[in-house]
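Examining the three-dimensional arrangement
Residues per chain, in single letters:
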Amino acid sequence: MSDTSAGTADAPLDARERSELCDLFLAVGPDAPTLCEGWSTLDLAAHLVVRENDPRSGFVILGGDRFASLETSLMDKARSQGYETLVDRLRSGPPWLPWRLPGLREALNLNEWFIHHEDVRRAGADPRPARTDRPDLDATLWTMLRRMSRLMLRKVRGAGVALEAPGHGEVTARGPGPRVRLTGGPPELVLYLNGRRSAAHVDISGSDEARSILEAAQLGV
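Notes on the structure follow. (Residues numbered from 1 in each chain as written. Predicted model: local features only at pLDDT ≥ 70, side-chain atom pairs only at ≥ 80, totals over all residues. Heavy atoms only, no water.)

Things to note about empty space enclosed by the protein
This model, assessed by the stated rule, comprises one cavity of 30 Å³ or more. Looking at the largest cavity, its volume works out to about 50 Å³. The set of elements that each furnish at least two residues to the lining of the largest cavity consists of α6 (105-121), α7 (135-152) and α8 (186-193). Taken together, the residues that form the lining of the largest cavity break down as four nonpolar, no polar and six charged. (1 Å grid on protein atoms, 1.4 Å probe; cavity = no way out; pocket = protein on both sides within 12 Å on 5 of 7 lines; lining within 4 Å. Points joined across faces, edges and corners; volume = space filled by probe spheres on them. Helix = DSSP H or I, 4+ residues; strand = E, 2+ residues; numbered from the N terminus. Nonpolar A, V, L, I, M, F, W, Y, C, P; charged D, E, K, R; others polar.)

Okay, here's the thing in C-alpha cells:
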C-alpha cells in the first residue's frame, strides 16, 4: 500500500520526512556517508527496510550484541535487493497497519525518520544547513521531547539535565547532583539526545562536573 500523502504540504510529518529522505537517498547515491558510524546510505536504507518489514528487527534493536549475527544476516539480505529497490520500498510507506494509524504513526515513526534524514543531511565534508522553515516540525519535536526526555536521559547518573528551546519552553532538570542545561531548537535537542552530539547545534552550560557526566553518558531510547 502506497503512502500517497507523502510529499504533500498537509501530509503527516513522518511521511514528509520519509519522502524527503528517499529523495535525498537517490540524490546522493548508495555510497554517501551518514552520521551512523560505519554506515553508508546503502546500509541506512537497508536498516530502515529491515526495521519496517521484518519482525525479527525488534530483537536486533533491543538485544544489542547478542543478536549481532542476526543483524548481519538481515542487513546482508536487504542490501542484496539493490539500492533503488530499497528506496522504492521505503517510499511506499510503512507496511503494517499499526504504523499507519493516526496518532500512533507519528509516535512510532517521526523520531526515526527525522533522525535518519539528518544522518544523511549533516554527514560528510559539506553538511547541509539546519532547516529553519519548519515550525510545525519544531513544535511536534518539542512535544515529543517533553514526553520522552526523561527516558532518553535515563543513563545520565549523578547530574540533572535541563532542556531549553527558545520560543517553546523548557524541561526542568531532574535528579540529584550538579546541573547542566542544553539550549537549542527542538531539532537540535532531538539530535543531541539521540547521540548525534557533534552534529547538533546545542549550547551546553553548567559545572564542569555536570558537563563531564553528560558527555560520558549514553543517550537515546
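Focus on the side chain of Asn111
Structurally, the position occupied by Asn111 is in helix α6. Under the relative-accessibility criterion, Asn111 is labelled buried at 15%. Within the structure, Asn111 has its side chain in polar contact with the side chain of Asn194 (distance 3.3 Å). (Buried < 20%, exposed > 50% of the residue type's maximum accessible area, 1.4 Å probe, protein only. Polar contact = N/O pair within 3.5 Å; in protein donor to acceptor, adjacent residues only side chain to side chain.)

Remarks on the nonpolar core
Leu182 and Leu214 are the most contacted members of the largest nonpolar core, which totals 30 residues. Of all elements in the fold, only α6, α7, β1 (160-165), β3 (179-183), α8 and α9 (208-216) reach the threshold of two or more residues within this core. Of the residues forming this core, the biggest block, six residues, is contributed by α7. Apart from the residues within four sequence positions on either side, Leu214 is in contact with Leu153, Val156, Val161, Val180, Leu182, Tyr192, Arg197, Ile204 and Leu219. Counting residues in each nonpolar core, the second largest holds 21 residues, with Cys22, Cys36, Val50 and Val120 among its members. (Core = buried A, V, L, I, M, F, W, Y, C linked by side-chain atoms within 4.5 Å. Contact = heavy atoms within 4.5 Å.)

Structural notes on the sheet that holds β3
If you trace the four strands from one edge of the open sheet to the other, you get β2-β1-β3-β4, paired in mixed fashion. Every interior strand has two partners, whereas the edge strands, β2 (169-171) and β4 (203-206), have only one. The mean inter-strand angle of the sheet, taken between neighbouring strand axes irrespective of direction, is 20°. Pairing of β1 with β3 involves five bridges; the strand directions are parallel. Across the sheet, Gly160 pairs through a bridge with Arg179, a residue of β3. Relative to the sheet, α7 contacts β1 and β2, its axis offset from that of β2 by approximately 15°. (Pairing = 2+ DSSP bridges. Axes fitted to C-alpha atoms, helices over the stretch in contact; angles between N-to-C directions.)

Nothing here speaks to function; it is all geometry.
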